[in-house]
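# Inside the fold
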Amino acid sequence: MARNGTEPPTVALNNAADISVIVIYFLVVLAVGIWAMVRTNRSTVGGFFLAGRSMVWWPIGASLFASNIGSGHFVGIAGTAAASGLAIGGFEWNALIVVVILGWLFVPIYIKAGVVTMPEYLKKRFGGQRIRIYLSVLSLFLYVFTKISADMFSGAIFINQALGLNIYLAVIMLLMITALYTVTGGLAAVIYTDTLQTIIMVVGSFILMGFAFNKVGGYENFQNGYMNAVPAITANISESCYEPRADSFHLFRDAITGDLPWPGLVFGLTIQATWYWCTDQVIVQRCLSAKNLSHVKAGCILCGYLKLLPMFLMVFPGMISRILYPNEVACVDPDECIKYCGASVGCTNIAYPKLVVDLMPDGLRGLMLSVMMASLMSSLTSIFNSASTLFTMDIYTKIRRTASEKELMIAGRVFILALIGVSIAWIPVVQSAQSGQLFDYIQSITSYLTPPVAAVFMLAIFCKRVNEAGAFYGLIIGLLIGLSRMIAEFAYGTGSCNNPSNCPTIICGVHYLYFSIILFVISCIIILSVSLMTKPIDDKHLYRLCWGLRNCTEERVDLEQDDWVDNDDSKYMDVDEPEEEPGFCKKALLCFCGLENKKAPQLSPEEQAELQKKLTDTSEKPLWRNIVNANAIILLCVAVFCHGFYA
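Residues numbered from 1 in each chain as written. Predicted model: local features only at pLDDT ≥ 70, side-chain atom pairs only at ≥ 80, totals over all residues. Heavy atoms only, no water.

- The protein goes by Sodium/glucose cotransporter 1 in an unreviewed UniProt entry, where it is assigned to Scomber scombrus.
- One UniProt comment on the protein, placed under Sequence similarities (unreviewed entry), says "Belongs to the sodium:solute symporter (SSF) (TC 2.A.21) family."
- The UniProt entry for the protein carries the following text under Subcellular location (unreviewed entry): "Apical cell membrane". (UniProt positions renumbered as here; feature names shortened; annotations may be inferred.)

Following this line, the structure appears as structure tokens:
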């Protein structure tokens with residue numbers, strides 16, 4: 001039954017079975033995190049941030065998927081599906097094609113360049129500091145305003161539905177646990193726990209999908225039921241606001257009147273996806289931790305197959321939720337909506353949480369809450385780890401050029417704690433944002449801010465004529481154009497069906513996916529024009545940094561020296577000076593954080609060169625290369641078939 005806004009929230013998780021499942025889940029996650037902590041070297045930059053480049057394909061594929069799928073996906077995608085049908089699944093299926101571009105075109109260049117962060121790649125490619133700093137700061141802003149905020153908000157909706165807990169209390173508890181194993185474990189702990197989260201997420205949501213389809217009586221009834229799912233109270237609101245769309249079961253919709261027009265879904269979304277999958281620190285960092293290039297490609301293929309699942313695990317259950325609870329999920333009367341979910345613009349965001357709370361039996365309901373916690377935490381851990389990498393390697397080294405490796409490790413961990421503080425402070429902003437627009441909110445901000453970045457990376461890798469001036473002006477002018485649209489849209493408000501926004505058509509009338517295409521093209525034109533009018537970069541600075549020069553063996557002359565080298569002055573210290581033994585408490589704390597004072601053996605220049613050669617090696621065994629290439633072709637065929645079947 002719907003609960004009235006005046007009644008106290010019902011607590012769905014008040015039985016021993018659910019509570020014990022959640023406790024066991026958290027104990028297992030902590031155990032896996034501690035095991036990864038003990039097993040890997042976390043006291044060096046390569047060990048903490050890149051897991052020592054020792055990862056095999058299956059944890060990489062699972063971690064790519066888990067990092068991408070947050071609770072924002074469960075709540076946002078299911079909510080949008082409940083509102084407008086299955087076209088939102090196209091956002092997930094687009095990734096099947098883009099992960100192949102990541103593994104085959106982008107990662108080989110990053111490995112050959114020998115980089116840890118994406119801004120570091122641009123610095124090697126173009127020289128200068130301004131692009132690297134611009135990109136680091138933009139990435140950190142995007143993390144806070146889209147990823148962290150949306151995931152925490154959607155996780156809070158879920159916990160609020162299931163536990164009736166105060167949103168702030170729930171989120172702060174989650175962040176504490178998440179921060180604990182990100183701060184202590186580094187990337188290896190994050191990747192192994194992500195793998196566990198992926199298994200739990202997929203199994204739990206498959207079970208829920210089974211219950212949901214069983215409740216509506218199969219696929220045929222599901223199609224008929226969805227087209228007739230309208231709320232009982234519609235007041236004097238236009239029918240188009242509460243009746244399901246005629247094209248609800250079509251992936252490709254009309255180019256002009258569609259809510260997700262097909263050219264935008266094919267081209268505009270691919271630009272955003274290229275930024276996200278091929279140039280975003282969170283994703284690329286997982287690929288850079290692989291043992292070799294075959295493991296990178298196999299991980300990308302596994303992630304591609306996993307990305308087939310959200311259509312069935314989130315989109316269809318979201319639509320079924322509208323059939324089962326049309327009055328709550330599909331409400332249009334603002335007073336009714338406020339009663340059901342506290343938001344006047346609509347309650348589609350409660351579609352998935354409501355299914356879990358109402359359909360799942362005891363024990364399994366606890367498992368599904370664990371799944372939501374898992375998706376929230378795996379996204380947050382990935383973001384915290386990558387954000388601390390960006391801050392440490394790209395910003396902190398500018399402030400402290402002589403920092404020791406130990407100081408960088410501490411700075412990275414302290415920054416994670418600061419990021420959590422900002423995230424908690426941002427909760428009320430997200431809470432008061434239009435909750436009916438969660439997934440659109442994330443995608444539209446991405447459309448306004450990221451196409452110039454995608455353009456710079458694409459041209460940096462595939463067009464060696466592009467130089468620093470072109471890239472910088474392309475980024476800055478692109479940012480100003482994107483911000484002008486974003487600020488206008490937020491100033492006028494996005495509105496709702498029965499209360500549309502009065503933003504001028506010339507600004508807000510262009511769909512955000514079309515805007516993404518326009519901004520990308522403008523950015524490319526600016527980058528190429530300015531580059532052609534200014535001096536090119538010599539080939540000797542570009543060996544192994546662009547596609548055309550990727551196999552050059554000559555030594556590259558860096559445009560600029562690295563900001564940070566390991567300034568461990570211990571080798572210059574007076575040998576007679578005895579080293580002070582830390583006390584028991586300090587020793588335990590250093591061990592917990594992976595900062596033990598182990599003296600690493602000094603490497604000779606030849607050994608250093610050999611280690612560097614191993615880290616930048618992209619060779620593959622012919623057998624495995626052929627196997628992953630064949631699998632990539634099969635994955636692309638599957639992607640084309642899926643799009644065609646639901647088009």
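So much for the structure itself; the text now carries on.
### Observations regarding the packing of helix 20 (residues 451–462) against helix 23 (residues 512–533)
- Contact geometry for helix 20 and helix 23: axes closest at 8 Å, N-to-C directions at 45 degrees. Between helix 20 and helix 23, the angle falls in the class oblique. Considering only the axes of helix 20 and helix 23, their crossing is right-handed. Facing helix 20, whose interface residues are Pro451, Pro452, Ala454, Ala455, Val456, Met458 and Leu459, helix 23 presents Ser516, Leu519, Phe520, Ser523, Cys524, Ile527 and Leu528.
- When the residues that make up the contact of helix 20 with helix 23 are grouped by side-chain class, the tally is 12 nonpolar, two polar and no charged. (Axes fitted to C-alpha atoms, helices over the stretch in contact; angles between N-to-C directions. Helix = DSSP H or I, 4+ residues; strand = E, 2+ residues; numbered from the N terminus. Parallel < 35°, antiparallel > 145°, perpendicular 65-115°, else oblique. Left-handed = near helix turned anticlockwise from the far one by under 90°. Contact = heavy atoms within 4.5 Å. Nonpolar A, V, L, I, M, F, W, Y, C, P; charged D, E, K, R; others polar.)

### With respect to the pattern of salt bridges
- Taken as a whole and assessed by the stated rule, the structure comprises 15 salt bridges.
- Close ionic contact of lysine 297 with glutamate 620 constitutes a salt bridge, the shortest N to O distance being 3.0 Å. A residue pair is termed long-range when its members are at least 10 positions apart, and lysine 297 in helix 12 (residues 293–306) and glutamate 620 in the loop between helix 25 (605–615) and helix 26 (622–646) qualify at 323 residues.
- What makes lysine 297 buried here is its relative accessible area of 6%.
- By relative accessible area, glutamate 620 is classed as buried at 16%.
- Put simply, glutamate 489 and arginine 485 hold a salt bridge, and the shortest N to O gap is 3.0 Å. Here arginine 485 and glutamate 489 lie together in helix 21 (residues 468–492), a separation of four residues that amounts to about one turn. There is no split in this pair, since glutamate 489 and arginine 485 are both buried.
- One network of salt bridges, in which partners are shared, links Arg245, Asp247, Arg253 and Asp259. (Salt bridge = Lys/Arg side-chain N within 4 Å of Asp/Glu carboxyl O. Buried < 20%, exposed > 50% of the residue type's maximum accessible area, 1.4 Å probe, protein only.)

### Some words on the packing of aromatic side chains
- One pass over the structure, following the stated rule, counts 26 aromatic pairs.
- Ring centres of tyrosine 110 and tyrosine 121 lie 5.5 Å apart, and the angle between their planes is 75 degrees; this geometry places the pair in the edge-to-face category. Of this pair, tyrosine 110 sits in helix 5 (residues 90–113) while tyrosine 121 sits in helix 6 (residues 118–126); the two residues are 11 residues apart in sequence, bridging distant segments of the chain. Like tyrosine 110, the residue tyrosine 121 is buried in the burial classification.
- In this structure an aromatic cluster arises from ring pairing among Trp93, Phe213, Tyr219, Phe222, Tyr226, Phe249, Phe312, Phe316, Phe641, Phe645 and Tyr646.
- One Lys or Arg, arginine 130, reaches over the ring of phenylalanine 472 and ends 4.0 Å from the middle of that ring.
- Above the face of the tyrosine 325 ring, lysine 354 is positioned so that its terminal group lies 5.0 Å from the ring centre. (Phe/Tyr/Trp six-rings, centres within 6.5 Å; stacked < 30°, edge-to-face > 60°. Lys NZ or Arg CZ within 6 Å of the ring centre and 35° of its normal.)

### What to know about the state of the cysteines
- Applying the stated criterion across every chain, the model contains two disulfides.
- The disulfide bridge from cysteine 331 ends at cysteine 337, spanning 2.2 Å between sulfur atoms. On the sign convention where negative is left-handed, the bridge of cysteine 331 and cysteine 337, at about 125 degrees about the S-S bond, is right-handed. The same class applies to cysteine 331 and to cysteine 337, which are both buried.
- Between cysteine 552, a cysteine without a disulfide, and cysteine 546, which holds the nearest cysteine sulfur, the sulfur-to-sulfur distance is 9.1 Å. (Disulfide = S-S within 2.5 Å.)

### Points about the nonpolar core
- Ranked by internal contacts, the top residues of the largest apolar core, which has 186 residues, are Tyr110, Tyr121 and Trp277.
- Looking at this core, the element that brings in the most residues is helix 7 (residues 130–163), giving 17 residues.
- When residues no more than four places from it in sequence are discounted, the contact partners of tryptophan 277 are Leu64, Asn68, Ala95, Val98, Val99, Leu102, Ile283, Val284, Cys303 and Lys307. (Core = buried A, V, L, I, M, F, W, Y, C linked by side-chain atoms within 4.5 Å.)

### Describing the confidence of the model for the protein
- The predicted model of the protein has a mean per-residue pLDDT of 81, with 81% of residues at 70 or higher.
- Residue range residues 566–577 is modelled with pLDDT below 50. Its contacts to residues more than four positions away, or to other chains, number seven contacts. (pLDDT = per-residue confidence, 0-100.)

### What to know about unusual backbone geometry
- For arginine 544, which is not glycine, the phi dihedral falls at a positive 65 degrees.
- Here arginine 544 shows up in the loop between helix 23 and helix 24 (584–592).
- A relative accessible area of 19% places arginine 544 in the buried class.

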